[in-house]
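# Structural features, examined
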Amino acid sequence: MDTLRRPTSFLMQANALLRKNLCLQKRNWKTNIGITFFPVIICVLLIVLQNVINSELDKPKYRCGCACVETDINGTCKKRECGVQYSTLEQVWNCAIPSLPRWLALIQVPQPEFRAVKTVSQPFDDLPDPSCRDSWSCHASVLVTGRDRSFAESVAGGLFPAFSPTLNVTDYLDTLSRIVVGSDTAPWYTQLLEPAFSSSDTIYLLQPQCVPYLSQTISYNARGIPLQLNIQCVEGVMLWRESTSVINDELLKGYKQKGGKINEFIAGYDFLSTTEFGLGINVLYNSTYNDKTAYSFIAALRVPRLVNAVSNAYLKYIRGPGVEMLLEYVKEMPKVGTSYRFDLSSLLSALFFTWIVELLFPVMLAYLVYEKQQKLKIMMKMQGLKDVPYWMISYTYFFVQSVVYMTCFVIFGYFIGLNFFRLNNYGIQFVFFLCLHKFTDCFCLFCGIFLFICQDSHRSVT
């Protein structure tokens, strides 16, 4: 009789609870079907939508343009060529371009109506009168400071080299790279095309003093791209300021989002302790032209020419006018052929996995509420079941169920071709899904909380 009254062992309690859970799992065949087919339906739906999107993006209007260049006597095409010359504006971005055109390195010049003038907040005597904006005759200003004012002004005086008496542009890169040229167009995020040359906007020649013959229109052909260059001379003026903080303050006041009227400068130079034995400068410029927002690509600012201009001016001042350090051109890297692709599974991954993982929560809750509703737990307690074995075994069962569920999900997603499973490293996926199983801990915790609220297993699921 003493042996019969001995408490049941942990293994016996685990075996009984496991059998009970398996019996309930077997009875709820509708739930089993739902758990099994819901991820399958989601994956199949994603694949179908992905194929529809891919078929749309594979249409000719989204591919590099092609044309027949050779036909036989029957008019059948024998040879087709694809390239930029056969493409529309929508197609050209997908074409392979092994050798891109070279573009002149420009500086960012303020628009004529926004160039710096004397204002109430900037009452400097060396700034032009605001009336010059009416005739678009305001000069473009550069602010300069440094420890040695005489030396800094001498070097800055050569920032804008004077142009030759005649404007005979046979090679515009070679000719215009010897002076400072700018544009007021917004820069682009790539050097595939330079907006200043791809439109009818004006190219500004910054000169110490303008003469009438410098402003004219010329035609040029850059690697098969016909260009119409509207060249206009603008007087570039160097203005001395006492410190970098003053330059910063003036640049900020002219910033269009600061408030008030726009009053822009080209840039600012701080020569620091530059001497004839060494060049060390800070270049200050308006970086808001990069359009750095969350909704667009970051534009490539026109800063290289600012650095080259002062480096060239310093070299000429030290070594003489015959010594030059030219920045001849800027050029984009060769471009391979591309195609539009839209990975739907990666885009919807957060929502996708949330739905899949959270599907187990109502299943777990329904099991626990069903035991409470049918008084199964009370009956098991009357037969010697303790709380600790009950919760440990229930947690282990749910955890194993979650592992099997997610493993089947990953395998199925891989075989039907979802990129999330095919392209990511398996070790990373293992760590990811291992961390994902921590949701099981949270689910068990929430199930324990909701267990005190829910009284009916069917309502707990809904």
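Look a little higher up for the structure.
Overview of the structure. (Residues numbered from 1 in each chain as written. Predicted model: local features only at pLDDT ≥ 70, side-chain atom pairs only at ≥ 80, totals over all residues. Heavy atoms only, no water.)

This part covers the pairing of strand β5 (residues 180-183). On β5, burial covers both faces: V180 and G182 on one face and V181 and S183 on the other are all buried. Sheet analysis places strand β3 (residues 107-108) next to β5, joined by two bridges and oriented parallel. Along β5, the bridge assignment pairs I107 with G182. Relative to strand β6 (residues 202-207), β5 runs antiparallel, the two sharing three bridges. Each residue of the ladder has a partner; that of V180, found in β6, is L206. (Buried < 20%, exposed > 50% of the residue type's maximum accessible area, 1.4 Å probe, protein only. Helix = DSSP H or I, 4+ residues; strand = E, 2+ residues; numbered from the N terminus. Pairing = 2+ DSSP bridges.)

Among the secondary structure elements, T275 is positioned in the loop between β9 (267-270) and β10 (282-284). The spatial distance from the C-alpha of T275 to the C-alpha of R147 is 9.8 Å, given a sequence separation of 128 residues. What T275 contacts, discounting residues up to four positions off in sequence, is F151 and Y314. (Contact = heavy atoms within 4.5 Å.)

All right, on to the state of the cysteines then. The bond known as a disulfide is covalent and runs between the sulfur atoms of two cysteines. Applying the stated criterion to the full structure yields five disulfides. Across a sulfur-sulfur distance of 1.7 Å, C66 and C82 are joined as a disulfide pair. With the S-S bond torsion at 95 degrees, the cross-link from C66 to C82 turns out right-handed. Here the residue C66 occupies a position in strand β1 (residues 66-71), and C82 occupies one in strand β2 (residues 77-82), the gap between them amounting to 16 residues. (Disulfide = S-S within 2.5 Å.)

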